[in-house]
Amino acid sequence: ALAELRAEFLPFYKVTAVRKFFFFLDPKRRGRVSLKALLASPILHELFQLRKEGLTPEETQDNWFALDHAETLYSDYLSLDTVQN
């Protein structure tokens, strides 16, 4: 599902994905996530769901890591960034 990821979009995608993990798995904002918490997390399962072949848009519509969702976030970000810095 991420095979169509454009090279210029990759840095934003990586930042978006990492921020989701840290937001939910680092509640004390220490800058680290325990491996145990990561492996037990439904967030990791959500990311791994994209490894399946032939996913339909319905199966990925609520997946934070899906390319369509990330591109929508990026588009929203660009439209709100009036300074463009």
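For the structure, see preceding data.
Now for a quick tour of the structure. Predicted, not measured: the structure shown is a model, and the values here were computed from it.

Here we take up the overall build of the chain. Across its full length, the chain holds five helices and zero strands. Walking the chain from its N terminus toward its C terminus, one meets helices and strands in the order α-α-α-α-α. Looking at the chain residue by residue over its 85 residues, the buried ones come to 24%. Long-range pairs, those at least 24 residues apart, make up 41% of the contacts in the chain with a sequence separation of at least 6. As displayed, the chain offers around 6,600 Å² of accessible surface, 59% of which is attributable to carbon and sulfur atoms.

Core analysis: the largest hydrophobic core is formed by 12 residues, namely F9, Y13, A17, F21, L25, I43, L44, L50, F65, A66, L67 and A70. Considering every element that reaches this core, the biggest residue donor is helix α1 (residues 10-25), with four residues. Not counting the four nearest positions on each side in its chain, I43 is found in contact with K20, F21, F24, L25 and F65.

Tracing the sequence through the fold places H69 in helix α5 (residues 67-80). Expressed as a C-alpha distance, the spacing of H69 and F48, which sit 21 residues apart in the sequence, is 15 Å. Among the polar contacts listed, one links the side chain of H69 to the backbone oxygen of W64, at a separation of 3.4 Å.

For the structure shown, the criterion picks out three salt bridges. We note a salt bridge from R6 to E71, for which the minimum N-O separation is 3.0 Å. Of this pair, R6 sits in the segment before α1 while E71 sits in helix α5; the two residues are 65 residues apart in sequence, bridging distant segments of the chain. One salt bridge in this structure joins K20 and E46, with 3.2 Å as the shortest N-O distance. With K20 in helix α1 and E46 in helix α3 (residues 42-49), the pair connects residues that are 26 residues apart, well separated along the chain.

Here the focus is the packing of aromatic side chains. Taken as a whole and judged by the stated rule, the model has seven aromatic pairs. Measuring from ring centre to ring centre gives 4.5 Å for F12 and Y74, while their planes differ by 50°; the resulting arrangement is tilted. Of this pair, F12 sits in helix α1 while Y74 is found in helix α5, placing the two residues 62 residues apart along the sequence. According to the relative accessible area criterion, Y74 is partly exposed, its value standing at 26%. Chaining the aromatic ring pairs together yields one cluster made of F9, F12, Y13, Y74 and Y77.

Calculation notes
Residues numbered from 1 in each chain as written. Predicted model: local features only at pLDDT ≥ 70, side-chain atom pairs only at ≥ 80, totals over all residues. Heavy atoms only, no water. Helix = DSSP H or I, 4+ residues; strand = E, 2+ residues; numbered from the N terminus. Buried < 20%, exposed > 50% of the residue type's maximum accessible area, 1.4 Å probe, protein only. Contact = heavy atoms within 4.5 Å. Areas by Shrake-Rupley, 256 points an atom, 1.4 Å probe, with all protein chains shown as cover. Core = buried A, V, L, I, M, F, W, Y, C linked by side-chain atoms within 4.5 Å. Polar contact = N/O pair within 3.5 Å; in protein donor to acceptor, adjacent residues only side chain to side chain. Salt bridge = Lys/Arg side-chain N within 4 Å of Asp/Glu carboxyl O. Phe/Tyr/Trp six-rings, centres within 6.5 Å; stacked < 30°, edge-to-face > 60°.

Interpretation in functional terms is not warranted from these geometric data alone.
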